[in-house]
Amino acid sequence: MEAKQNGDGCLAAATATATATTTANDDDDEQRKVEVMRAFVEKQDPTAKDVDDLTIRRFLRARGLDVDKGSALLLKYLSWRRSFVPNSCISPTEALLSTLLTKYVQGKVPVVHQSVVSNICIFRRFG
C-alpha cells in the first residue's frame, strides 16, 4: 500500500496482472469442467442435450466445481423435472377453470360463474 502511495505503480500493476491471470485461468478451468460435465451427463441422460452451459455451470458451482457431485445433482434435477413437469401444456379449459376458481372475494369464497362450472365434480377438483 505504501508503494502505491509513494507513486510506485509497479506493485499495483503486478497485483492487477496476477488477479487477471488467476481469473482467466479459473474461467478456463471452469469451462473445461463444464464441458466434461456436459459429456458425462449427456452419456447418462440423452435428453440433457437441451441443457445450456449456464445451467450446467450453475449446478457445477453449487457443488464447489466438483464434476461428480454437480453431475449427480443435475441428473437428479432432470429426473425430477421429467416426472413433475408435464410434457405438454395445460389445456385452455383447465387453465381457465384453475384461474377462475382461485379468484377469491374477501379471501374466503371463490367467485365462479355458473356457465363456467356446470359440474360440481370439476369445482371440487380445484377446491
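In short, a report on the structure. For every chain, the first residue of its written sequence is number 1, and the numbers climb from 1 along that sequence. Residues qualify for local features only when their pLDDT is at least 70, as the model is predicted, and side-chain atom pairs are given and counted only at 80 or more; totals for whole chains, interfaces and linings, by contrast, use all residues. Only heavy atoms go into the side-chain values, all of them from the structure, while hydrogens and water stay out.

Remarks on the side chain of S71
Then, number 1: Positionally, S71 belongs in helix α4 (residues 67-84).
Then, number 2: Within 3.5 Å is the distance limit for a polar contact, defined as a pair of N or O atoms, with the added protein rule that one can donate a hydrogen and the other accept it, and that residues adjacent in sequence qualify only through two side-chain atoms. At a separation of 2.7 Å, a polar atom in the side chain of S71 contacts the main-chain carbonyl oxygen of V67.
Then, number 3: Setting aside chain neighbours within four positions, we find S71 in contact with M37, F40 and V41. Secondary structure counts use DSSP, requiring at least four H or I residues in a row for a helix and at least two E residues in a row for a strand, with both numbered from the N terminus. Any two residues whose heavy atoms approach within 4.5 Å are treated as being in contact.

Quick word on the environment of M37
Then, number 1: Tracing the backbone shows M37 in helix α2 (residues 10-44).
Then, number 2: Measuring from C-alpha to C-alpha, the distance between M37 and D66 comes to 9.4 Å, with 29 residues separating the pair along the chain.
Then, number 3: Apart from residues lying up to four places away in sequence, M37 is in contact with I56, F59, L60, V67, G70, S71 and L74.

Considering helix α3 (residues 53-62)
Then, number 1: For α3, the complete set of buried residues consists of T55, I56, F59 and L60. One side of α3 holds all its buried residues, which, seen down the axis, span an arc of 140°. In α3, the exposed positions angled more than 90 degrees off the buried face are occupied by L54 and R58.
Then, number 2: Just beyond α3, the residue with positive phi is G64, at close to 65°. Think of it in three bands: with a 1.4 Å probe and only protein chains considered, a residue is buried below 20% of the maximum accessible area for its type, exposed above 50%, and partly exposed in between. Starting at the helix axis, one direction is taken to each C-beta atom, and the arc is that of these directions.

Structural notes on the pattern of salt bridges
Then, number 1: The rule for a salt bridge is simple: a side-chain nitrogen of Lys or Arg has to be within 4 Å of a carboxyl oxygen of Asp or Glu. Under the definition given, this model contains seven salt bridges.
Then, number 2: Between R38 and D53 there is a salt bridge, and its shortest N-O distance comes to 2.8 Å. In this pair, R38 is assigned in helix α2 and D53 in helix α3, connecting sequence segments 15 residues apart.
Then, number 3: By relative accessible area, which is 35% here, D53 ends up partly exposed.

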